[in-house]
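Next come the chains, spelled out residue by residue.
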Amino acid sequence: MDKPHQAMPDIEVLPAHFPIPGMGFLPVNAFVIKAREPVLVDTGMGGESEEFMKVLGSIIDPKDLRWVWLTHDDADHTGSIQKVLEAAPSARLAANSLAVLRMSMAWPVPMHRVYWLNPGDSIRMGDRKLTAIRPPLFDNPTAIGIYDDKSEAFFSVDCFGGIIPSPAQNADDVKEGDLAQGMISWASADSPWVHMVEPSEFSQALDRIRQIAPKMIFSAHLPPARGKTEQFLKLLARVPTSTPFVAPNQTALEQILAQTRGGN
Ligand SMILES: [Fe+2]
Ligand SMILES: [Fe+2]
């Protein structure tokens, strides 16, 4: 994992990155919202679970957590979910019902601690209201982002993610061209259905975020981005008609393995 940092007065980022051979790095972020009822947003990658729990403990005593908001049940978001729920006995698990039911196929989710959310639902966290928002792009039907009315930040799940040349603390630290290229190819790779969508219909989904006008975008897969909402919405508007992403095939894997062997 990378060094955690405070991105807004009461929002901490727990950043990690995942190398994508031949392409760069995919940031993988979790967040702590230091609301009156503190919230952990997502729980990192399972392979780094021990480190994740250490980093979390350096930001907040897990016993003080009141909520764990799981944006969806993909493996890069649920890595430490069981450990967190054990370490945070006062926390409830806020997630879409389908995410909870799917996870319960793999481990015994404590249903009495669960809070089921659909897009549009809100939870009051004492000093703020968090509202579940479906992001314009998503790779999982259970995806629910968060709009925080106090910080005016949007936690956008996988949406607005991007593969970047090297890990960075802020989106401003990534060259504009690299950011645009990385975001467009990630959007196509992570939400391939976007190429089947009428651009005009898709722009309505983008407009819903435009109306909310978040000051900060906290994607799970991009460094925090302040004041970039309009720029990012314009970028995503290009995705339905962009060249669809094609995943590396066996020939590519053999090349990567040959390079790795050559480097040893
Ligand atoms: Fe995902
Ligand atoms: Fe993800």
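Our structure's up above, just so we're on the same page.
Residues numbered from 1 in each chain as written. Chains lettered and ligands numbered in written order. Predicted model: local features only at pLDDT ≥ 70, side-chain atom pairs only at ≥ 80, totals over all residues. Heavy atoms only, no water.

## As for the coordination of the iron ion (ligand 1)
A metal bound by six donors in octahedral fashion has ideal angles of 90 or 180 degrees, whereas one bound by four tetrahedral donors has an ideal angle of 109.5 degrees. Condition: Counted as coordinating are nitrogen, oxygen and sulfur atoms within 2.8 Å of the metal, or 3.2 Å for Na, K and Ca, while water is not included, which may make sites look incomplete. The cut-offs for exposure are 20% and 50% of the maximum accessible area for each residue type, with area from a 1.4 Å probe on protein chains only; residues under the lower value are buried, those over the upper are exposed, and the others partly exposed.
Every protein donor of the iron ion (ligand 1) is accounted for by His72 (NE2), Asp74 (OD), Asp139 (OD), Asp139 (OD) and Asp158 (OD), and the metal-donor separations fall at 2.0 to 2.4 Å. All donors of the iron ion (ligand 1) belong to a single chain; written as a sequence motif, their spacing is H-x1-D-x64-D-x18-D. The partly exposed category is assigned to aspartate 139, whose relative accessible area is 30%.

## Things to note about the pairing of strand β6 (residues 92-95)
For the record, the criterion: A strand pair is defined by DSSP finding two or more bridges across the two strands. Only DSSP runs of H or I with at least four residues qualify as helices, and only runs of E with at least two residues qualify as strands; both kinds are numbered from the N terminus onward. When the strands point away from the viewer and the path from the first strand over the helix to the second turns clockwise, the crossover is right-handed.
In this structure, strand β5 (residues 67-69) lies alongside β6, joined through three bridges in parallel fashion. Its bridge partner lying in β6, tryptophan 67 is registered against arginine 92. A crossover links β5 with its parallel partner β6, the connecting element being helix α2 (residues 81-87), and its sense is right-handed. Strand direction decides the pairing type here: β6 and strand β7 (residues 114-116), joined by three bridges, are parallel. Bridge pairing in β7 places leucine 93 opposite valine 114. Each parallel crossover has a hand, and the one from β6 via helix α3 (residues 97-103) to β7 is right-handed.

## A few points about the coordination of the iron ion (ligand 2)
Where we set the bar: Working rule for geometry: tetrahedral if four donors all subtend angles between 85 and 135 degrees; square planar for four, octahedral for six, if opposite donors exceed 155 degrees and the others stay between 65 and 115; irregular in every other situation.
Taken together, Asp76 (OD), His77 (NE2), Asp158 (OD) and His221 (NE2) make up the full set of protein donors to the iron ion (ligand 2), lying 2.1 to 2.4 Å away. Its four donor atoms give the iron ion (ligand 2) angles of 81 to 167° at the centre, a pattern that matches the irregular case. Separating the iron ion (ligand 2) and the iron ion (ligand 1) is a distance of 3.3 Å, and aspartate 158 donates to both of them. Of the two residues, aspartate 76 is situated in the loop between β5 and α2 and aspartate 158 in the loop between β11 (153-155) and α4 (176-190); the sequence distance between them amounts to 82 residues. With a relative accessible area of 21%, aspartate 76 lands in the partly exposed category. Accessibility expressed as a relative area gives 2% for aspartate 158, which makes it buried.

## Here we look at the environment of tryptophan 69
Going by this rule: Whenever a nitrogen or oxygen atom comes within 3.5 Å of another N or O atom, the pair is scored as a polar contact, on the condition that within protein one atom can donate a hydrogen and the other can accept it, and that pairs from neighbouring residues in sequence are kept only if both atoms are in side chains.
Within the secondary structure, tryptophan 69 sits in strand β5. Here the alpha-carbon distance between tryptophan 69 and threonine 43, two residues 26 residues apart in the chain, equals 9.0 Å. A polar atom in the side chain of tryptophan 69 sits 3.5 Å from the backbone oxygen of isoleucine 144.

## Focus: the packing of α4 against helix α6 (residues 229-237)
Let me state the cut-off plainly: Axes here mean lines fitted to C-alpha atoms, for a helix over just the part in contact, with angles spanning 0 to 180 degrees between N-to-C directions. Should an angle fall under 35 degrees it is taken as roughly parallel, and over 145 as roughly antiparallel, whereas 65 to 115 is taken as roughly perpendicular and any remaining angle as oblique. Take the far helix as the reference: if the near one is turned anticlockwise from it by less than a right angle, the crossing is left-handed, and if turned clockwise, right-handed. For this analysis, residues touch if any pair of their heavy atoms sits within 4.5 Å. Classification convention: Asp, Glu, Lys, Arg as charged; Ala, Val, Leu, Ile, Met, Phe, Trp, Tyr, Cys, Pro as nonpolar; all other residues, Gly among them, as polar.
Two numbers describe how α4 lies on α6: the axes approach to 10 Å, and their chain directions differ by 50°. What the angle tells us is that α4 and α6 run oblique. For the pair α4 and α6, the sense of crossing is right-handed. Contact residues: α4 offers Glu176, Leu179, Ala180, Met183, Ile184 and Ala187, while α6 offers Gln231, Phe232, Leu235 and Leu236. Across the contact of α4 with α6, the residue classes tally to eight nonpolar, one polar and one charged.

All quantities given are derived from atomic positions and should not be read as evidence of function.
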